Amino acid sequence: MRSEQHEHLPFLDGGGVSGELARSVDWARTPLGAPAGWPQSLKTIVGVILQSRHPMFLWWGPQLIQVYNDAYLPSFGAGKHPAAMGQRGRDCWQEIWPIIWPQIDDVMSRRRSSWNEDQLVPVLRNGRLEEVYWTYGYSPVLDDQGGVGGVLVVCTETTSQVIVSRRSRTMRLLAERTALTTDPVVMLDAAVDALQGARHDVPFALVYRYDGRSRALRLVRSAGLTDPATVDATVRGLLGPAPFGDREPRAEVVPCDLRCALPGGDWPEPAPALFVVPLASSGRESCSDVIVFGVSPRLPFDDGYRNHLTQIADHLGFAQAQINAFRIQAAADNERNNLLLQAPVGTALMSGPEHVFHWPTRSSARW
């Protein structure tokens, strides 16, 4: 419902949730004063912002009082809205003020606009400091006297695009590094090397061999760690003495007590959880390989994040299965060649649809 103080202020009409919120704010208690007395330039830009379907945000006056629109709401997450409407900029954005204040000051003091593409500006939302990327511009808004009255922010959050792109790069690099490996040790070394550059999504990873009979875990490889032994001990404590009980390993999230202080990758905060994923069968009876990922403290563990880590595990399992198949085929070929070499009469093998002849040699039998 429209309040009496805004009864004849058409620039505050519409605007959805943000417009309704703007009409409900007691602006007289803010440095801007009652909307009826606002300068025409402020009324105009607020009307434009509320009616726009593109994310827009305004800081006005020396205290940088805030106005924004519905298109901007998804970027708030939970925690800042609705208190942000009419709030001082410094009070609202304390966690990123060292990043954004120099750009705001450039606009307010020097009329110097700015433009940033896919810029990391971590924001406190949804109960954590999140890894958030933006493409945005800061522009001056002139007041009625021709001076700079405020800063208009026209922005698009690009977090999902940036993260999808970098995860695709990780998977390509992982595929390139492991494509031609025929030895499981070399394959794991190549995978670890590829994951070293993916610490935003994979703060650390531990590959274990799990013996279902003894219920024992043996650390095989680690990535992203300078002290694997300490982290290994912490992970074992979280998983427990019989991590999978009587069942086969399966994908599951294991919350971490923050006192465990597991590494958060490139971030100072500790990893809030582990994600445990089994790899493909290793070819050893009653044994399987399991990879334990540290989860980023600055990303929500949503379906996209879960799928990415599962894809890494699936790729390693597939590469391992290929190596096992290659070894089985090599052993079969070797046995066949040995049998042919030991035959009492001249022998050759025809293979394929073209019936190509193969004559075994001593070197091929040893291979």
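Provided above is the structure to which this section pertains.
Residues numbered from 1 in each chain as written. Predicted model: local features only at pLDDT ≥ 70, side-chain atom pairs only at ≥ 80, totals over all residues. Heavy atoms only, no water.

Caption draft 1: A look at the side chain of Arg-298. If you trace the backbone, Arg-298 turns up in the loop between strand E12 (287-294) and helix H9 (303-341). What makes Arg-298 buried here is its relative accessible area of 9%. Of note is the side chain of Arg-298, whose polar atom sits 3.0 Å from the side chain of Glu-269. Apart from the residues within four sequence positions on either side, Arg-298 is in contact with Pro-122, Arg-128, Leu-129, Glu-130, Glu-131, Trp-267, Pro-268 and Glu-269. (Helix = DSSP H or I, 4+ residues; strand = E, 2+ residues; numbered from the N terminus. Buried < 20%, exposed > 50% of the residue type's maximum accessible area, 1.4 Å probe, protein only. Polar contact = N/O pair within 3.5 Å; in protein donor to acceptor, adjacent residues only side chain to side chain. Contact = heavy atoms within 4.5 Å.)

Caption draft 2: Examining the sheet that holds strand E2 (residues 65-68) more closely. Read from one edge to the other, the open sheet built from five strands follows the order E2-E1-E7-E6-E3, with strand pairing classed as antiparallel. At either margin of the open sheet sits one strand with a lone partner, and together these are E2 and strand E3 (114-120). Within the sheet, the average angular offset between the axes of one strand and its neighbour, ignoring direction, is 20 degrees. In the sheet, strand E1 (residues 56-60) pairs with E2 via four bridges, with the strands oriented antiparallel. Bridge pairing in E2 places Leu-58 opposite Val-67. (Pairing = 2+ DSSP bridges. Axes fitted to C-alpha atoms, helices over the stretch in contact; angles between N-to-C directions.)

Caption draft 3: Focus on the packing of aromatic side chains. Applying the stated rule across the entire model yields 18 aromatic pairs. On the basis of an interplanar angle of 65 degrees and a centroid distance of 5.2 Å, the ring pair of Phe-57 and Trp-59 is categorised as edge-to-face. Exposure remark for Phe-57: the relative accessible area of 2% places this residue in the buried category. Looking at Trp-59, the relative accessible area reads 3%, which means it is buried. Aromatic pair Tyr-210 and Phe-244: ring centres 4.8 Å apart, planes at 80 degrees, arrangement edge-to-face. In this pair, Tyr-210 sits in strand E8 (residues 205-211) while Phe-244 sits in the loop between helix H8 (228-239) and strand E10 (252-255), placing the two residues 34 residues apart along the sequence. Note on Tyr-210: relative accessible area 2%, which makes it buried. (Phe/Tyr/Trp six-rings, centres within 6.5 Å; stacked < 30°, edge-to-face > 60°.)

Caption draft 4: Representation of H8 in the model. Spanning 12 residues, H8 covers 16 Å between terminal C-alpha atoms, matching the ideal 16 Å at 1.5 Å per step. Regarding H8, the residues found buried are Val-231, Asp-232, Val-235 and Leu-239. One face of H8 carries all of its buried residues, which in axial projection span an arc of 105 degrees. For H8, the exposed residues lying more than 90 degrees away from the buried face are Ala-229 and Gly-237. Immediately downstream of H8, the backbone of Gly-240 shows phi near 90 degrees, a positive value. (Expected span 1.5 Å × (residues − 1). Arc of directions from axis to C-beta.)

Caption draft 5: The arrangement of the environment of Phe-76 in detail. Structurally, the position occupied by Phe-76 is in helix H3 (residues 73-76). Each C-alpha atom of the pair Phe-76 and Arg-125 lies 6.6 Å from the other, and the pair is 49 residues apart in sequence. What Phe-76 contacts, discounting residues up to four positions off in sequence, is Phe-57, Tyr-68, His-81, Ala-84, Trp-93 and Arg-125.

Caption draft 6: Examining the pairing of E2 more closely. Here E2 shows a buried face lined by Ile-65 and Val-67 and a second buried face lined by Gln-66 and Tyr-68. Following E1, the chain reverses through four residues before pairing antiparallel with E2; Gly-61 in that reversal takes a positive phi of roughly 80 degrees.

Caption draft 7: Structural view of the pattern of salt bridges. In the structure shown here, the tally under the stated rule is 16 salt bridges. A salt bridge links Glu-131 to Arg-166; the nearest nitrogen and oxygen atoms lie 2.4 Å apart. Linking Glu-131 in the loop between strand E5 (128-130) and strand E6 (133-142) with Arg-166 in helix H6 (residues 159-178), this pair joins segments that are 35 residues apart in sequence. We note a salt bridge from Asp-201 to Arg-167, for which the minimum N-O separation is 3.1 Å. (Salt bridge = Lys/Arg side-chain N within 4 Å of Asp/Glu carboxyl O.)

Caption draft 8: The arrangement of the nonpolar core in detail. Core analysis: the biggest nonpolar cluster contains 46 residues, and Val-46, Trp-59 and Trp-93 have the highest contact counts within it. Those elements giving two or more residues to this core turn out to be helix H1 (16-24), helix H2 (40-51), E1, E2, H3, helix H5 (97-110), E6 and strand E7 (148-157). Here Val-46 is in contact with Phe-11, Leu-12, Trp-38, Leu-58 and Val-67, once residues within four sequence places are set aside. Core analysis: the second largest hydrophobic core is formed by 28 residues, Leu-174, Met-187, Leu-188 and Val-192 among them. (Core = buried A, V, L, I, M, F, W, Y, C linked by side-chain atoms within 4.5 Å.)

Caption draft 9: How the structure looks around the packing of H6 against helix H7 (residues 184-195). The interhelical angle for the contact between H6 and H7, taken along N-to-C directions, is 155 degrees, at an axis separation of 9 Å. Considering their axes alone, H6 and H7 lie roughly antiparallel with respect to each other. For the crossing formed where H6 meets H7, the hand is right-handed. Residues Thr-170, Leu-173, Leu-174, Arg-177 and Thr-178 of H6 touch H7, and the partners they reach there are Met-187, Ala-190, Ala-191, Asp-193, Ala-194 and Leu-195. Of the residues contributing to the contact of H6 with H7, the split by class is seven nonpolar, two polar and two charged. (Parallel < 35°, antiparallel > 145°, perpendicular 65-115°, else oblique. Left-handed = near helix turned anticlockwise from the far one by under 90°. Nonpolar A, V, L, I, M, F, W, Y, C, P; charged D, E, K, R; others polar.)

Caption draft 10: Structural detail: the environment of Thr-226. By the secondary structure assignment, Thr-226 is in the loop between strand E9 (216-223) and H8. Residue Thr-226 is classed as exposed on the basis of its relative accessible area, which comes to 84%. Distance from Thr-226 to Phe-204, taken between C-alpha atoms, is 10.0 Å for residues 22 residues apart in sequence.

Caption draft 11: Geometry of the state of the cysteines. Scanning the entire structure with this criterion turns up zero disulfides. Between Cys-260, a cysteine without a disulfide, and Cys-256, which holds the nearest cysteine sulfur, the sulfur-to-sulfur distance is 5.8 Å. Take Cys-260: its relative accessible area is 25%, and that puts it in the partly exposed class. (Disulfide = S-S within 2.5 Å.)

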